[in-house]
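# A structural walkthrough
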Amino acid sequence: MKEVTITINGKEVQVQVDLTILKAAEQIGIDIPRLCYDEELSLSGACRLCVVEVEGRPNLQAACVTQVTEGMVIHTESPAVVAARRAILDLLLSDHPLDCLTCEKNGDCKLQEYCYRYGLKESSFVGERHHYLVDDSNPFIYRDMNKCIQCERCVRACAEITGQDNISFINRGFSRKVATYADKPFADSICTFCGNCVAVCPTGALIEKPMMGKGRRWELKRVKTTCPFCGTGCNFDLCVKDGKLVGVLSNPNSVVNGRALCIKGRFGWDYVNNEERLTTPLIKKNGKFAEASWDEAISLIATRLGEIKEKYGPNAFGALSSARCTNEENYLMQKFARAVMGTNNVDHCART
Ligand code: SF4
Ligand code: SF4
Ligand code: SF4
Ligand code: FES
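Since the model is a prediction, treat every value here as computed from it, not as a measurement.

Further remarks concern the site of ligand 3. Neighbouring ligand 3 are 14 residues, the closest being Cys148, Cys151, Cys154, Cys201 and Ala205. Taken together, the residues of the shell around ligand 3 sort by class into 10 nonpolar, 2 polar and 2 charged.

As structure tokens, this is what we get:
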């Protein structure tokens, strides 16, 4: 790939010609703030927070949509750039509730992060503010459009990742907002509750409802794992607080799925804490289940399988396994059938 020489903040570097200024800066460790830009979504150029100064160009350029060219001289934190970013944040804050103290996104909010970075505590503008009712209509997603900064990430995620096109902008000017068809609550829309919109939202406008009140994001220990629900094998982070599972968050480094998940992977974890789950093996004695130790249960199964093999031959046994298990578990199942039971009678629900 052809390279060009550019200078960013006084540092001369060679970068690939097809990069945007934002990506080129990232490669040399310069973080340009962004609100509408998302690695996994199409470019939008909506928020303008990523503006930078390019020598010889009359206006500030949006770094996320401007490609590098030979000899470009770029300043990412010049006084004009900082003033523009402060003005944009000031405008966003002019219609924002600023209830960071109780907001679920406190500490994990891009708006908060950039206001801290550029020293904005409140807006200098006065005027009307929105007072939307929150959409609490479903068990999965809590929507507070008062915290929406109109970055359009959720709209693009729903269209480009999920393919559901459930949300879009409606109205114009001050009344513009993200809404479902006919502005219905999510529960009455065609939403599949995959939560991919929530995963990309940079503010507290969209929240995983089952995680609300269960801990600040920085308090959660994140453990990367594989989804147990189907054979796609999506990866995500289990969020653990005080030894208890409190939610699932996308892991952007998941090779299989990026941040995309379906409703089962993202929201189907509550069974883990269900008090009705079996925690010890049960063995039926005299027609009734009785609690048993693992040693007892495993030795009973081994004895019974041995008896069946002895009496009826290895082919009396067949093993059925599931796409809900990992590859390793499925491997062990067929290995057990072949090496221990001596049969090739193995099958799998995903075969057909
Ligand atoms: S969305 Fe961000 S800035 Fe807004 S209240 Fe929540 S934490 Fe604060
Ligand atoms: S939960 Fe999924 S389907 Fe529903 S709006 Fe968000 S991305 Fe679209
Ligand atoms: S709901 Fe979130 S992702 Fe969607 S436009 Fe508003 S701030 Fe952006
Ligand atoms: S991040 Fe570039 S315009 Fe929003």
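Moving on from the model shown.
The next subject is the pairing of strand β2 (residues 11-16). Bridge count for strand β1 (residues 3-8) against β2 is 6 bridges, and the pairing is antiparallel. Among the inter-strand pairings, Glu3 is bridged to a residue of β2, identified as Gln16. Where β1 folds back onto β2 in an antiparallel hairpin, the turn is made up of 2 residues, including Asn9, whose phi is positive at roughly 50°.

When strand β11 (residues 235-241) meets strand β12 (residues 244-249), the two strands line up antiparallel, connected through 5 bridges. Counted as the bridge partner of Cys239 is Gly247 from β12. The antiparallel pairing of β11 with β12 creates a hairpin that spans 2 residues between the two strands, and Asp242 there sits at a positive phi of about 50°.

To continue, consider the site of ligand 2. The environment of ligand 2 is made up of 14 residues, and the closest members are Cys158, Gln164, Cys191, Cys194 and Cys197. Contributing elements (two or more residues each) for the shell around ligand 2: α4 (153-162) and α5 (196-200). At 3 residues, the largest contribution of residues to the shell around ligand 2 is made by α4. Of the residues in the shell around ligand 2, the class split is 8 nonpolar, 6 polar and no charged.

The sheet built from 5 strands is open, its strands ordered β2-β1-β5-β3-β4 with mixed pairing. The open sheet has two edge strands with one neighbour each: β2 and β4 (61-62). One ladder, built from 2 bridges, connects β1 with strand β5 (residues 73-75); its direction is parallel. Counted as the bridge partner of Ile8 is Ile74 from β5. Against the sheet, helix α2 (residues 79-93) contacts β3 (51-54) and β5, and its axis sits at roughly 160° relative to β3.

Of note in the backbone geometry, Leu98 takes a positive phi value of approximately 50° without being a glycine. Relative to the helices and strands, Leu98 is located in the loop between α2 and α3 (110-118). Look at Gln150: it is not a glycine, yet its phi comes out positive at around 60°. Note that Gln150 resides in the loop between β6 (141-143) and α4.

Looking at where Ala337 falls in the secondary structure, it is placed in helix α8 (residues 327-341). For the pair Ala337 and Ala319, spaced 18 residues apart in the sequence, the C-alpha separation amounts to 6.4 Å. Among residues more than four places away in sequence, those in contact with Ala337 are Phe317, Ala319, Thr343, Asn345 and Val346.

Taken N-terminus to C-terminus, the directions of α2 and α3 make an angle of 135°; their axes are 10 Å apart at the nearest point. Taken together, the axes of α2 and α3 are oblique relative to one another. In the crossing of α2 with α3, the sense of the turn from one axis to the other is left-handed. Note on element contacts: α3 touches α2 through Leu111, Tyr114, Cys115 and Tyr118, opposite Val82, Arg85, Arg86, Leu89, Leu92 and Leu93. Residues of the contact of α2 with α3, tallied by class, amount to 8 nonpolar, no polar and 2 charged.

In this section: the sheet that holds strand β10 (residues 221-226). Pairing is antiparallel in the open sheet, where 3 strands are placed in the order β10-β11-β12. Both edges of this open sheet fall to β10 and β12, since each of them pairs with a single strand only. The average angle at which neighbouring strand axes cross in this sheet is 35°, direction not considered.

Rules behind the numbers
Per chain, the residues get numbers from 1 upward, laid out in the order the sequence is written. Throughout, the order in which chains and ligands are written sets their labels, letters from A for the former and numbers from 1 for the latter. For a predicted model such as this one, the threshold for reporting local features is a pLDDT of at least 70, and the threshold for listing and counting side-chain atom pairs is 80 or more; totals across whole chains, interfaces and linings nevertheless cover every residue. Only the C-beta atom matters for this test: placed from the backbone, it must lie within 6 Å of a molecule or strand for the residue to be near it. Following the grouping adopted for this structure description, the nonpolar residues are Ala, Val, Leu, Ile, Met, Phe, Trp, Tyr, Cys and Pro, the charged ones are Asp, Glu, Lys and Arg, and the polar ones are all others, Gly among them. Any two strands with at least two DSSP-identified bridges between them are counted as paired. Here a helix means four or more residues in a row that DSSP labels H or I, a strand means two or more in a row labelled E, and each is numbered from the N terminus. Once C-beta atoms have been placed from the backbone, residue pairs whose C-beta atoms lie within 7 Å are recorded as contacts. Axes here refer to lines fitted to C-alpha atoms; in helices the fit is confined to the stretch in contact. Angles between the N-to-C directions go from 0 to 180 degrees. An angle below 35 degrees is read as roughly parallel, one above 145 as roughly antiparallel, one from 65 to 115 as roughly perpendicular, and any other as oblique. By definition, any crossing whose near helix is turned counterclockwise from its far helix by less than a right angle is left-handed, and any crossing with a clockwise turn is right-handed.

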